[in-house]
Amino acid sequence: MAEHSRAAENAAARADEREALSSIFDGISLNDDTVTAPLDLDAGDDDATLFEPGDKAVLRFTLSPSYPLDAPATATVAWATAYRVPSSIKDHVDAAVAAALAHTQGDAAIYSAVAAANEALSEEAERHAAAYASWRSAAPPITSREEVVWEGTELTRRLIYSHHIIAPSKRAGLRECAQILGVTTLVKIGWPGAICLEGPKDRVDAFVNHISRWRWKQLAVRGEQDADSRALPRV
């Protein structure tokens with residue numbers, strides 16, 4: 001009898017939580033044993049934003065019959081475009097959700113976990129915006145392709161390895177830097193990332209020196225080759 005009463009208390013608590021959540025969150029999916037809540041991503045076409053418009057993420061909860069009074073909820077973040085999300089951001093969000101669930105054990109936890117995930121994403125977005133602003137302030141003077149003149153200096157190539165190249169700001173920065181300095185740049189996006197450069201040695205050196213000041217998890221020149229003729233098209 002006592003077990004039946006406890007099960008009824010848990011069921012009633014889950015029903016109350018579902019009602020509250022449906023009034024708070026738009027687009028949330030609710031039933032008695034699973035909840036799927038969309039997360040707030042700082043998405044936009046501006047390179048200062050952390051995510052692109054197509055990026056989406058949801059927090060999926062699994063609820064046992066003993067939740068919330070006698071068993072915790074479990075939760076995982078599902079990223080629609082996981083390959084574009086650095087592991088550091090995933091780890092930050094996962095840790096925030098785990099801490100929220102542990103703190104609310106024995107009570108309704110979904111709202112707190114979603115709020116914690118969104119707060120972690122907001123912190124990452126602010127960090128990204130600050131890093132982008134820092135890069136813009138340190139960027140070379142703006143010029144145009146027409147103003148780039150090849151001096152005919154010694155031709156060289158570089159192969160640069162990066163742990164990853166994902167952020168729109170980095171991709172835009174590499175493109176802009178190549179245009180300003182007049183070097184040919186081929187970039188592999190993803191994990192790992194790679195940059196292949198070709199151009200006059202002084203300009204290639206300037207490119208490498210400039211991007212080395214940016215924030216990277218890992219960046220290293222893995223190959224260097226002097227050349228007599230071009231293998232890549234000019235910018």
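Description of the structure in this document. (Residues numbered from 1 in each chain as written. Predicted model: local features only at pLDDT ≥ 70, side-chain atom pairs only at ≥ 80, totals over all residues. Heavy atoms only, no water.)

Moving on to the overall build of the protein. In terms of regular secondary structure, the protein is built from five helices and eight strands. Along the protein, from the amino end to the carboxyl end, the secondary structure elements read α-β-β-β-β-α-α-β-α-β-β-α-β. Of all 235 residues assigned to the protein, the portion counted as buried reaches 41%. Of the roughly 12,500 Å² of accessible surface on the protein, a fraction of 51% belongs to carbon and sulfur atoms. (Helix = DSSP H or I, 4+ residues; strand = E, 2+ residues; numbered from the N terminus. Buried < 20%, exposed > 50% of the residue type's maximum accessible area, 1.4 Å probe, protein only. Areas by Shrake-Rupley, 256 points an atom, 1.4 Å probe, with all protein chains shown as cover.)

With that settled, the discussion passes to the nonpolar core. Among the nonpolar cores identified, the biggest contains 32 residues, and Leu-59, Phe-61, Trp-79 and Val-93 are the most heavily contacted of them. Only strand E2 (34-38), strand E3 (57-62), strand E4 (74-79), helix H2 (87-103) and helix H3 (110-138) provide two or more residues apiece to this core. It is H3 that provides the largest number of residues to this core, a total of seven residues. Look past the residues within four positions of Val-93 in its chain and what remains in contact with it is Val-77, Trp-79, Ala-117, Ala-120 and Leu-121. (Core = buried A, V, L, I, M, F, W, Y, C linked by side-chain atoms within 4.5 Å. Contact = heavy atoms within 4.5 Å.)

What follows deals with the packing of aromatic side chains. Per the stated rule, a full pass over the model turns up one aromatic pair. Seen from their ring centres, Phe-25 and Tyr-111 are 5.9 Å apart, and the 35° between their planes marks the pair as tilted. Of this pair, Phe-25 sits in the loop between helix H1 (2-24) and strand E1 (29-30) while Tyr-111 sits in helix H3, placing them 86 residues apart in sequence. You can call Phe-25 buried: its relative accessible area is 16%. The exposure class assigned to Tyr-111 is partly exposed, which follows from its relative accessible area of 45%. (Phe/Tyr/Trp six-rings, centres within 6.5 Å; stacked < 30°, edge-to-face > 60°.)

Okay, the sheet that holds strand E8 (residues 219-227) next. Read from one edge of the open sheet, four strands run E6-E7-E5-E8, paired in antiparallel fashion. With one partner strand each, in any of the chains shown, strand E6 (184-188) and E8 form the two edges of the open sheet. Put simply, the sheet's adjacent strands are angled 15° from each other on average, direction ignored. In the sheet, strand E5 (residues 155-162) pairs with strand E7 (residues 193-200) via eight bridges, with the strands oriented antiparallel. Bridging across to E7, Arg-157 finds its partner in Glu-198. On the sheet, helix H5 (residues 201-211) packs against E5, E6, E7 and E8 and is oriented at approximately 150° with respect to E7. (Pairing = 2+ DSSP bridges. Axes fitted to C-alpha atoms, helices over the stretch in contact; angles between N-to-C directions.)

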